[in-house]
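Observations on the model geometry
Listed below are the residues making up each chain.
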Amino acid sequence: DTGVSQDPRHKITKRGQNVTFRCDPISEHNRLYWYRQTLGQGPEFLTYFQNEAQLEKSRLLSDRFSAERPKGSFSTLEIQRTEQGDSAMYLCATKPRIGQETQYFGPGTRLLVL
Amino acid sequence: ELKVEQNPLFLSMQEGKNYTIYCNYSTTSDRLYWYRQDPGKSLESLFVLLSNGAVKQEGRLMASLDTKARLSTLHITAAVHDLSATYFCAVDTNAGNMLTFGGGTRLMVKP
């Protein structure tokens, strides 16, 4: 257990519905990252925050995806009008300010879009 | 576009044997990470390599980095069943803030 928590752990939804995932970082970790991992593949970077500022977004993050980190604590990732291709594991990772290079990953949220 | 390639993609080993997993990447970077993932689980950090020639060891695993060759290796010594997992390398492209992962090496250690 890295101390990064994600909720829910599993989500089944129908195509076209909206879903929202939450990530609670280790306290005092000011950098937070979202990745997506499909079956049999490595994780793909989606976006990252330093405190409340979203500093990078991958082109994988289409207009249907939005991420927020109000007050620089927990973060949410919302997918609107879900598609079957959105089915994946969504991973959150966090890192402290400086002097520590490791990204600590949460347990992930597994999304299945029917 | 940065590409990270691992080989082999799948490795079946006998307990007690040695083997090496290779990670090649296509652009300059001096930060490389190794993670382990068990089935259905999240990623566990194994090593962070931050400079050319860096070598780190933990138990039966040893990782090294050659930034000139754009190559990292993960060497397994005297494999045991508990090492069965998928191993990912990842290369950083933005001060540790944008990791690009390889496709993973699925390791199975048989008794």
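Note: the structure precedes this text.
First things first, this report covers the structure right here in the doc.

**Quick look at the nonpolar core**
- Counting 25 residues, the largest nonpolar core has Leu32, Trp34, Leu74, Ile76, Tyr87 and Leu107 of chain B as the members making the most contacts within it.
- Listing elements by their share of this core, those giving two or more residues are strand E2 (10–14), strand E3 (19–25), strand E4 (32–37), strand E5 (43–49), strand E7 (61–66), strand E8 (71–76), strand E9 (85–92) and strand E11 (105–110) of chain B.
- At four residues, E9 of chain B tops the list of elements feeding residues into this core.
- Ignoring anything within four residues of it in the chain, the contact list for Ile76 of chain B reads Met13, Lys17, Asn18, Tyr19, Ile21, Arg60, Leu61, Leu83 and Leu107 of chain B.
- In this structure, Val19, Cys23, Leu77 and Tyr90 of chain A belong to the second largest nonpolar core, which totals 19 residues.

**Comments concerning the state of the cysteines**
- Tallying each qualifying case throughout the model produces two disulfides over all chains.
- The partner cysteine of Cys23 of chain A in its disulfide is Cys92 of chain A, sulfur to sulfur 1.9 Å. In this structure the cystine formed by Cys23 of chain A and Cys92 of chain A twists about its S-S bond by roughly -65°; its chirality is therefore left-handed. Taken together, the residues Cys23 of chain A in strand E3 (residues 19–24) and Cys92 of chain A in strand E9 (residues 88–95) connect sequence positions 69 residues apart.
- The disulfide partner of Cys23 of chain B is Cys89 of chain B, and the S-S distance across this bridge is 2.0 Å. Handedness of the Cys23 of chain B-Cys89 of chain B disulfide follows from its S-S torsion of about 80°: it is right-handed. Here Cys23 of chain B, found in strand E3, pairs with Cys89 of chain B, found in strand E9; they are 66 residues apart in sequence, far enough to count as distant.

**Observations regarding the side chain of Ser75 of chain A**
All names here are of chain A.
- Mapped onto the elements, Ser75 comes out in strand E8 (residues 75–79).
- By relative accessible area, Ser75 is classed as buried at 0%.
- A distance of 2.9 Å separates polar atoms of two side chains, one belonging to Ser75 and the other to Trp34.
- Side-chain polar atoms of Ser75 contact the backbone oxygen of Glu68, separated by 2.8 Å.
- Setting aside anything within four residues of it in sequence, one finds Ser75 in contact with Phe21, Arg22, Cys23, Leu32, Trp34, Phe49, Glu68 and Arg69.

**A look at the sheet that holds E3 of chain B**
Residue and element names in this part refer to chain B.
- If you walk across this open sheet you meet the five strands as E1-E3-E8-E7-E6, and the pairing is antiparallel. Where the open sheet ends on each side, the last strands, each with one partner, are strand E1 (4–7) and strand E6 (55–58). Here the average twist between neighbouring strands, direction ignored, is 15°.
- Two elements, E6 and E7, share four bridges in a ladder whose sense is antiparallel. Directly across from Glu58, in E7, lies its bridge partner Leu61.

**Description of the packing of aromatic side chains**
- Scanning the entire structure with this criterion turns up nine aromatic pairs over all chains.
- A centroid spacing of 5.3 Å and a plane angle of 85° characterise the contact between Phe105 of chain A and Tyr35 of chain B, whose relative ring orientation is edge-to-face. Here the residue Phe105 of chain A occupies a position in strand E10 (residues 104–105), and Tyr35 of chain B occupies one in strand E4, the pair thus bridging two chains. Assigned by exposure class, Phe105 of chain A and Tyr35 of chain B land together as buried.
- A connected cluster of aromatic rings, assembled from ring pairs, spans Tyr35, Phe45 and Phe105 of chain A together with Tyr35, Phe88 and Phe101 of chain B.
- Geometry around Phe74 of chain A places Arg22 of chain A over its ring, the cationic atom sitting 3.9 Å from the centre.

Rules of the game
Residues numbered from 1 in each chain as written. Chains lettered and ligands numbered in written order. Predicted model: local features only at pLDDT ≥ 70, side-chain atom pairs only at ≥ 80, totals over all residues. Heavy atoms only, no water. Core = buried A, V, L, I, M, F, W, Y, C linked by side-chain atoms within 4.5 Å. Buried < 20%, exposed > 50% of the residue type's maximum accessible area, 1.4 Å probe, protein only. Helix = DSSP H or I, 4+ residues; strand = E, 2+ residues; numbered from the N terminus. Contact = heavy atoms within 4.5 Å. Disulfide = S-S within 2.5 Å. Polar contact = N/O pair within 3.5 Å; in protein donor to acceptor, adjacent residues only side chain to side chain. Pairing = 2+ DSSP bridges. Axes fitted to C-alpha atoms, helices over the stretch in contact; angles between N-to-C directions. Phe/Tyr/Trp six-rings, centres within 6.5 Å; stacked < 30°, edge-to-face > 60°. Lys NZ or Arg CZ within 6 Å of the ring centre and 35° of its normal.

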